[in-house]
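Structural overview for review
Below, each chain spelled out in residue letters.
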Number of protein chains: 2
Amino acid sequence: MIDGALLIGGEARQAANRFTAVNPASGETLTPDFSSANADAVAEACTLAEDAFATYAATDLESRAAFLEGIAQNILDIGDELIERAMAESGLPRARLEGERGRTVGQLKLFAGVVRQGDFLDATIDPALPDRAPLPRPDLRRVNLAIGPVAVFGASNFPLAFSVAGGDTASALAAGCPVVVKGHPSHPGTGELVARAIQKAVADAGLPAGVFSYLPGETNELGGALVADPRIQAVGFTGSRGGGLALVRIAAKRDEPIPVYAEMSSINPVVLFPAALAARGAALAKEFVGSLTMGAGQFCTNPGLVLAVDGPDLDAFVEAAGSALTDSAPATMLSPGIHASFEQGVAALAGHEAVRTVARGKSGEGVNQAVGAFFETTADQFLADVKLSHEVFGSSSMLVRCRDLPEIALVIAKLEGQLTATLQVDPADEAEAAKLVPVIARRVGRILANGWPTGVEVAPAMVHGGPFPATSDGRTTSVGTLAIARFLRPVCFQNLAPALLPEALHDDNGWGIARRLDGKREASPR
Amino acid sequence: MIDGALLIGGEARQAANRFTAVNPASGETLTPDFSSANADAVAEACTLAEDAFATYAATDLESRAAFLEGIAQNILDIGDELIERAMAESGLPRARLEGERGRTVGQLKLFAGVVRQGDFLDATIDPALPDRAPLPRPDLRRVNLAIGPVAVFGASNFPLAFSVAGGDTASALAAGCPVVVKGHPSHPGTGELVARAIQKAVADAGLPAGVFSYLPGETNELGGALVADPRIQAVGFTGSRGGGLALVRIAAKRDEPIPVYAEMSSINPVVLFPAALAARGAALAKEFVGSLTMGAGQFCTNPGLVLAVDGPDLDAFVEAAGSALTDSAPATMLSPGIHASFEQGVAALAGHEAVRTVARGKSGEGVNQAVGAFFETTADQFLADVKLSHEVFGSSSMLVRCRDLPEIALVIAKLEGQLTATLQVDPADEAEAAKLVPVIARRVGRILANGWPTGVEVAPAMVHGGPFPATSDGRTTSVGTLAIARFLRPVCFQNLAPALLPEALHDDNGWGIARRLDGKREASPR
């Protein structure tokens, strides 16, 4: 059911202020209209989240895992209504959204497994050494506890996998934190369907209703009030640099500052090494254009920067990529606002005196169409104007022609932090690539070879993060099991009686989790 | 040798601007005078640190561990000159400083063991699944890498264990980060001796000289320039709330904001439960005064707040504590500045209309003497004036008389973040204590029972941290092996050829470390 309500704990409520969503493919306004949450709704949701915290944080691992699986099932149970609504609100095609639903459900199930395994608790026991000289050692036990209620800001470019029940929500709930979602105004119907699925899972599990609230709205004040609320203890955000930094500033000004995990901006350099370029330049050109234009280029990991040594092989790559792009179809962007920003960014590059337009994609009928863009410049010119390194969200990329590999290293060392870097590298390139990898590793969260950065695996070893401004906290990831660490903090218990210890630290290890004993790790039992 | 030099990489250099240290026990100025580092020295040290980073971060585990042990040995090799200079500069007694030297050396050796073990790398491998449908999984490998050059601010209250070669330096070097120390102006001779020991260890190990620099100085500009330097990637600090917050602000304003780990302010509540108070109130009173006055109360974990239910047992405790404090000897404080702040804080409490002075310690001859102070108030009055909950650094503590245990819970829930909370709890108290523990756990980094918060074990399970303002980042600890995590960030390598992978992620696991394979942890081999 979609009726435009706020979901505050167990309740659904209509607000006086309303907003509407637009079908970006047609420009038509969708029905119904939606409640826009105000500061009172924020305060109410946060009060409920705080009230629910102690009970939810104390859930045993199995109950919490089953709750996450319940959310996953309830999302599947929505059926095709979810896919159709998401198509209408995002302009994304059915296959993509069905895949994204699979990823969303898969993430929830993955975190259920993480919860059952219990490694995220990092349970650590240093037994007492009563006879140690000159002083005895007390009994010390450490465990990760949930940080408190978490605010999650849904992203527009993943209306399922990084929105209401996306990676931030899944990892925060897995950590034991109640979640208050600020719904993205571009897909409020999709958001409400998913929010109701979570609300039902909370009730089915017999958890306090405040474990989850959903606050749609289109004002900056709503997000600001949520981050400023003293009950909120951490923030997950995926979106623009401006939006993310605004939340970081609000969080820093609180009486008690809190961490903000904002995934913001990345141009994802791709380095074409000489042997790879010579051996398979034409194939790389096709693959590059495929990665660039996939989903209208609306991925955080879109390849927005290509670095290579100038020469005939690069000329051939450019020609092939230009040709492929010229033949590429336009695609509907997520919203009129995102389309306008893309057009503006592309126009600025096209009109820049140091930039040559290699090719544009096919123009299309209809509104909000992304027409792919590929530009080129030289390393000198790229380094001379920082604007050339700013992200243009959508299918736009810039080739930087470099004199040699050291100049590529120089460009990379001067880049801002990035989510990814990609190496197209053949065995003959490895000696040179080995010199570059440590330079690249300082600027990114993920280095990949002979693939493309779009497509982010949800797995234990994934890092979807990176130094500022890729994220506001380069020590973290928002994709993969390590994302749970963002919502935990360690607490030490010294000489506490068993009745006062958290379950994870009891001698009998009733949860059967891997722990660290006297500095040594045990193996995971599952 | 102490000659007042700056140590910039491998060099020792005198600066034109000079400052001197004072013997707080006598008020006399000590010789020699010391170089005060300026912005040029900061830039030079940071350039050298950045130049050294790639080489140092790539050291194998055994070499890095041996380097840490080399520092430890060089500190021991200084001999009694170090203890005598530290006594003269800090006013702390010989036994305390010999113990602190042992802890300093022990910390370095502990981190050598952490490095050899390699668990801090959190090496995680998700093997490729080429046949997975609908899409194959790439080979994903994640490892923690050193964050970059680190700035460390020495603390005045631990001139060895939390200064030049203290916990921040040891954990940053263990992580693979070059360190630039801003030396504390209260103990510049002690600092220089230790800094020369590190400088020699760097040379002995054949490491790039920029792995370590030492910049003494007494200006705020020095610290500000260091945190603002773009080469610095993280900051470790122990000191005042004002000083820590100033560094946090500078770090947040950088083009690339960086994490600041500031350990700042804590009053460390002690809860006397009814049965414990009835059974052993007199003993608790003596122990409390011992913890309060130890080292002139100049510990981050000094018990500055006592919470108990009002009644005759509490009256007896107060009388016994007052009596013990009245008999307590004064002690020299670390510096005239710290002594002046203590006097001011105690006078403000003594003159506060809602506060009763229970007792003061014995007055002493000489300068900079801390005379212990114990005050009392009620919960209503404590909650009505936030000033009553501010830290008075030194041997000053406040008893808050509460009506009942729920009122104690209320006071704790309204406290700012704390490093520790202490429970004096007998078996008959456990049911009530169990209700309070989750409330306390949200406000502190460590909960201890039937002991005193002073005395922080350096161990895997220790947390010396806590929510703001105990620290600026409540997800971390500055004491214990987990402190290394502050200076690491995860990086994922996808489909990289073996020649391009960090050693920790090679299939053959040449370092023999415990890793996570396909989501499951291996046991630590050592």
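Residues numbered from 1 in each chain as written. Chains lettered and ligands numbered in written order. Predicted model: local features only at pLDDT ≥ 70, side-chain atom pairs only at ≥ 80, totals over all residues. Heavy atoms only, no water.

Residues and elements named next belong to chain A. On strand E7 (residues 150-153), burial covers both faces: Val150 and Val152 on one face and Ala151 and Phe153 on the other are all buried. Following the backbone out of E7, through helix H5 (residues 167-175) and into the adjacent parallel strand E8 (residues 179-183), one traces a crossover that is right-handed. Examined bridge by bridge, E7 and strand E10 (residues 234-238) share four bridges and lie parallel to one another. Following the sheet pairing, valine 152 is matched in E10 by glycine 236. (Buried < 20%, exposed > 50% of the residue type's maximum accessible area, 1.4 Å probe, protein only. Helix = DSSP H or I, 4+ residues; strand = E, 2+ residues; numbered from the N terminus. Right-handed = clockwise from strand over helix to strand, strands pointing away. Pairing = 2+ DSSP bridges.)

Moving on, we get to the domain arrangement of chain A. All names here are of chain A. By the assigned domains, chain A splits into domain 1 (6-18 + 47-264 + 476-486) and domain 2 (269-449). Listed as interface residues are 13 residues of domain 1 and, on the opposing side, twelve residues of domain 2. For the pairing of domain 1 and domain 2, the buried interface totals around 890 Å² over both sides, and the portion due to carbon and sulfur atoms is 53%. Summed over the three residues of domain 1 that lose the most area to domain 2, namely Asn157, Arg241 and Glu263, the buried surface amounts to 41% of that side. Taken together, domain 1 and domain 2 are joined by one salt bridge. Its salt-bridge partner being glutamate 416, residue arginine 241 comes within 2.8 Å of it at the nearest N-O pair. One can count two residue pairs in polar contact (both at pLDDT 80 or more) joining domain 1 with domain 2. In the side of domain 1 that touches domain 2, the residues fall into three nonpolar, six polar and four charged. (Domains from an automatic or database assignment. Contact = heavy atoms within 4.5 Å. Buried area = accessible area lost by both parts, 1.4 Å probe. Salt bridge = Lys/Arg side-chain N within 4 Å of Asp/Glu carboxyl O. Polar contact = N/O pair within 3.5 Å; in protein donor to acceptor, adjacent residues only side chain to side chain. Nonpolar A, V, L, I, M, F, W, Y, C, P; charged D, E, K, R; others polar.)

Before going further, it helps to examine the relation of the copies chain A and chain B. The transform that puts chain A on chain B rotates by 180° and translates by 0.0 Å along the axis, for an RMSD of 0.0 Å. The superposition operator between the copies reduces to a two-fold rotation axis. Relative to the rotation axis, the C-alpha of alanine 523 of chain A is the closest in chain A, positioned 2.2 Å from it. The residues that chain A uses at the interface reappear at the interface of chain B in 100% of cases, marking a shared surface. (Least-squares fit on C-alpha atoms with pLDDT ≥ 70 in both.)

Another aspect to go through is the packing of aromatic side chains. Residue and element names in this part refer to chain B. Going through the model one piece at a time under the given rule, you end up with 16 aromatic pairs over all chains. Between tyrosine 261 and phenylalanine 487, the ring centres sit 5.7 Å apart and the planes meet at 85°, which makes this aromatic pair edge-to-face. You can see tyrosine 261 sitting in strand E11 (residues 260-263) and its partner phenylalanine 487 sitting in the loop between strand E20 (444-449) and strand E21 (488-494), a full 226 residues away along the chain. The buried category is assigned to phenylalanine 487, whose relative accessible area is 0%. (Phe/Tyr/Trp six-rings, centres within 6.5 Å; stacked < 30°, edge-to-face > 60°.)

Let's shift gears to the sheet that holds strand E19 (residues 418-424) of chain B. Ordered in space as E23(A)-E22(A)-E5(A)-E6(A)-E21(A)-E20(B)-E19(B)-E12(B)-E13(B)-E18(B)-E17(B)-E15(B), the twelve strands form an open sheet in which the pairing is mixed. Of all the strands in the sheet, the pair left with one neighbour each is strand E23 (520-521) of chain A together with strand E15 (356-360) of chain B. In this fold helix H13 (residues 405-414) of chain B packs onto strand E12 (269-272), strand E13 (305-309) and strand E18 (396-402) of chain B, with an angle of close to 155° to the strand it touches most, E13 of chain B. (Axes fitted to C-alpha atoms, helices over the stretch in contact; angles between N-to-C directions.)

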